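Fold and geometry: a report
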Amino acid sequence: EQLEFRRNEKKLQARQLLEEQEEARERAQRSAEAVPEVDVSQQELAASIKQAMLKARAQEATLPAKDDRAGKKTDAAPGRELSAIMMTDIVGYSGSMERDEQRTYRMLLEHNNIVRAAVVKFRGREVKTIGDAFFVVFRSAADAVDCAISVQRSFMEFNANKEDADRIMIRVGIHLGEVMITANDVFGDGVNIAARIEPLAEPGGICLSGEVYSVVR
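Our subject in this report is the structure included herewith. Predicted model only: the values in this text are computed from it and were never measured. (Residues numbered from 1 in each chain as written. Predicted model: local features only at pLDDT ≥ 70, side-chain atom pairs only at ≥ 80, totals over all residues. Heavy atoms only, no water.)

Now for the environment of aspartate 185. Here aspartate 185 shows up in the loop between β4 (170-181) and β5 (186-187). A relative accessible area of 16% places aspartate 185 in the buried class. Not counting residues within four places of it along the chain, the set of residues in contact with aspartate 185 comprises Arg125, Val127, Lys128, Phe135 and Met180. In this structure the side chain of aspartate 185 is engaged in a polar contact, spanning 3.1 Å, whose partner is the side chain of lysine 128. (Helix = DSSP H or I, 4+ residues; strand = E, 2+ residues; numbered from the N terminus. Buried < 20%, exposed > 50% of the residue type's maximum accessible area, 1.4 Å probe, protein only. Contact = heavy atoms within 4.5 Å. Polar contact = N/O pair within 3.5 Å; in protein donor to acceptor, adjacent residues only side chain to side chain.)

Glancing now at the pairing of strand β2 (residues 125-130). In this sheet, strand β3 (residues 133-138) lies alongside β2 in antiparallel orientation, the contact comprising five bridges. Paired with arginine 125 across the two strands is valine 137, which belongs to β3. (Pairing = 2+ DSSP bridges.)

Bringing the environment of asparagine 112 into the picture now. As for its position among the elements, asparagine 112 is in helix α4 (residues 101-121). On the basis of relative accessibility, which here comes to 12%, the residue asparagine 112 falls in the buried class. Spatially, the C-alpha atoms of asparagine 112 and alanine 133 are 9.3 Å apart, while their sequence positions differ by 21 residues.

Here it is in structure tokens:
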């Protein structure tokens, strides 16, 4: 009986061992199915990384470019100010340019230097030049008139002892009125009035609007 018992016990142990081995094989198979085996070489890994980088760069290229000007104020709304507007013009400039461009251009440079020096001296703001014409604004009519007188006196000195062809004669017109002022330009009816009265001045003279005359007389 004891011998038979031992035989049965060994059979039971063997059966249990077989069941445990089978269960272990099943667990290993399930693990293999859940995590597929990957065998990637160094070259394939590098190629994969490179491809991912190129894809990311391509996506960045399709994004809209960032506007650095966003949030920056380009130009403020025009402000309104009472200003004295001065316009100047060289007498006979177009004809002189047709006859001798090089000489007329040299004279224009001399003219510009003289006018700009006076504008700075009397606290004016040079808005723009158009050919031989200056467009300048001042905070006071008195400064504008003093500037115009200084400019004409400087040209009288420049023209002394010169031939007629080498003389520079200019006209000046000044008006006082409310204008719209931006960072780069000046607008308004006052500008138009100054432009209309400037040609009324005699060569070497100054034409004032009634508004200016009433202030400086």
